[in-house]
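Observations on the model geometry
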Amino acid sequence: MSRLTLGIVLIILGLMLETDIGESMRFELESGNTKCISEDIKANAMSVGKYSIVNPNEGYPLPDSHRLTLRVTSPYGNNNHYGDRVDSGTFAFTAVEGGDYTACFWATDHKPPVTITIDFDWKTGVAAKDWSKVARKGQVETMKLELKKLYDTVTSIHEEMFYLREREEEMQQLNRETNSKMATLSFFSLVVCLSVAGLQIWHLKAFFERKKLL
């Protein structure tokens, strides 16, 4: 490996390590309301998530009013996780279907209404792996582990490119089918318009002949 190639690899490695892959957020939800979050996941990709309600009174037990229900569903509506009236939880699954997976949070109804704050961390693909366990189990050197991370990240990007290409081909096919249907509809519309115009001319001609105007 030349010095230039090695330098490029190290630069890419540094950029990859500084990039936080995944979705981590904090948001508020009023009791009785629902908030849904979508994540585009390709088939056979691993996905992990964890969620918890932030305690408004640190050092004291979480109030009974601070409970939520979470349902994670696939693009075809299959359940991947369901937590009912909980204050925290985790989920992990391997995507069987490619597409938009949805996590819907519902805050338990309470009178008077309260607002809860939720921490939600959702990771997919390379980011979903527990690299600390990989390092601990394998007893590998730091550089070797980082190169393994880089390799898996590049593989994930490569697979994502093919996935996006497939989605693009599907969209192009849909556009072609739509254009074909629109052309057929336009042709039939033109035929109908010409037929109506012909009938109108024939009717007017017959009317004028009866009135002896022609």
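Residues numbered from 1 in each chain as written. Predicted model: local features only at pLDDT ≥ 70, side-chain atom pairs only at ≥ 80, totals over all residues. Heavy atoms only, no water.

**Observations concerning a negative patch on the surface**
Together, Glu166, Glu168, Glu169 and Glu170 make up a negatively charged patch on the protein surface. Among the secondary structure elements, glutamate 168 is positioned in helix α3 (residues 142-210). Judged by its relative accessible area of 46%, glutamate 168 falls in the partly exposed class. (Patch = residues over 30% accessible without salt bridge, like charges linked within 9 Å, V, L, I, M, F, W, Y side chains within 5 Å. Areas by Shrake-Rupley, 256 points an atom, 1.4 Å probe, with all protein chains shown as cover. Salt bridge = Lys/Arg side-chain N within 4 Å of Asp/Glu carboxyl O. Lys, Arg positive; Asp, Glu negative; His and termini not counted. Charge placed at Lys NZ, Arg CZ, Asp CG, Glu CD. Helix = DSSP H or I, 4+ residues; strand = E, 2+ residues; numbered from the N terminus. Buried < 20%, exposed > 50% of the residue type's maximum accessible area, 1.4 Å probe, protein only.)

**So, the sheet that holds strand β7 (residues 99-107)**
Pairing within the open sheet is antiparallel, and its four strands lie in the order β2-β7-β4-β5. Looking at strand neighbours, the two that pair on one side only are β2 (34-41) and β5 (79-86), the edges of this open sheet. Strand-to-strand twist in this sheet, taken as the mean axis angle between neighbours without regard to direction, amounts to 10°. In the sheet, β2 pairs with β7 via eight bridges, with the strands oriented antiparallel. Within β7, the residue paired with threonine 34 across the bridge is tryptophan 106. (Pairing = 2+ DSSP bridges. Axes fitted to C-alpha atoms, helices over the stretch in contact; angles between N-to-C directions.)

**Some details on the state of the cysteines**
In the structure shown here, the tally under the stated rule is one disulfide. The disulfide bridge from cysteine 36 ends at cysteine 104, spanning 2.0 Å between sulfur atoms. On the sign convention where negative is left-handed, the bridge of cysteine 36 and cysteine 104, at about 110° about the S-S bond, is right-handed. Of this pair, cysteine 36 sits in strand β2 while cysteine 104 sits in strand β7, and the two are 68 residues apart along the sequence. Overall, cysteine 36 belongs to the partly exposed group, its relative accessible area being 44%. For cysteine 104, a relative accessible area of 24% puts it in the partly exposed group. (Disulfide = S-S within 2.5 Å.)

**Remarks on the side chain of serine 31**
Position of serine 31 among the secondary structure elements: in the loop between β1 (23-30) and β2. For serine 31, a relative accessible area of 9% corresponds to the buried category. With residues near it in sequence (within four places) discarded, serine 31 still touches Ala107, Thr108, Asp109, His110, Pro113 and Val114. (Contact = heavy atoms within 4.5 Å.)

**What about a nonpolar patch on the surface?**
A cluster of nonpolar residues, Phe187, Phe188 and Val191, forms a patch on the protein surface that exposes about 300 Å² of accessible area. Assignment of secondary structure puts phenylalanine 188 in helix α3.

**A word on the packing of aromatic side chains**
Evaluation of the coordinates by the stated rule reveals nine aromatic pairs. Centroid distance phenylalanine 91 to tryptophan 122: 6.0 Å. Interplanar angle 80°. Geometry classified as edge-to-face. Here phenylalanine 91 is found in strand β6 (residues 88-94), whereas its partner tryptophan 122 is found in strand β8 (residues 115-124), with 31 residues between them in sequence. When sorted by exposure, phenylalanine 91 lands in the same class as tryptophan 122, which is buried. Considering the side-chain rings of phenylalanine 187 and phenylalanine 188, the 5.9 Å spacing of their centres and the 65° angle between planes classify their relative orientation as edge-to-face. Taken together through their ring pairs, the aromatic side chains of Phe27, Tyr51, Phe91, Phe93, Tyr101, Phe105, Phe120 and Trp122 make up a single cluster. Directly above the aromatic system of phenylalanine 27 lies the positively charged group of lysine 35, at a separation of 5.6 Å from the ring centroid. (Phe/Tyr/Trp six-rings, centres within 6.5 Å; stacked < 30°, edge-to-face > 60°. Lys NZ or Arg CZ within 6 Å of the ring centre and 35° of its normal.)

**As for the UniProt feature "transmembrane region" (unreviewed entry) in the protein**
Under the present numbering, the feature "transmembrane region" (unreviewed entry) in UniProt falls on residues 182-202. Secondary structure over residues 182-202 splits into 100% helix and 0% strand, and the C-alpha atoms at its two ends are 30 Å apart. (UniProt positions renumbered as here; feature names shortened; annotations may be inferred.)

**Describing the pattern of salt bridges**
Applying the stated criterion across every chain, the model contains three salt bridges. The partner of arginine 26 in a salt bridge is aspartate 119, with the nearest N and O atoms 2.6 Å apart. Residue arginine 26 is located in strand β1, and its partner aspartate 119 is located in strand β8; the two are separated by 93 residues in the primary sequence. We classify arginine 26 as exposed; its relative accessible area is 56%. For aspartate 119, a relative accessible area of 25% gives the class partly exposed. Residues glutamate 160 and lysine 42 are paired through a salt bridge, measuring 3.6 Å at the closest nitrogen-oxygen approach. Remark: lysine 42 occurs in the loop between β2 and β3 (46-53) and glutamate 160 occurs in helix α3; sequence separation between them is 118 residues. Owing to a relative accessible area of 28%, glutamate 160 belongs among the partly exposed residues under this scheme. Looking at lysine 42, the relative accessible area reads 12%, which means it is buried.

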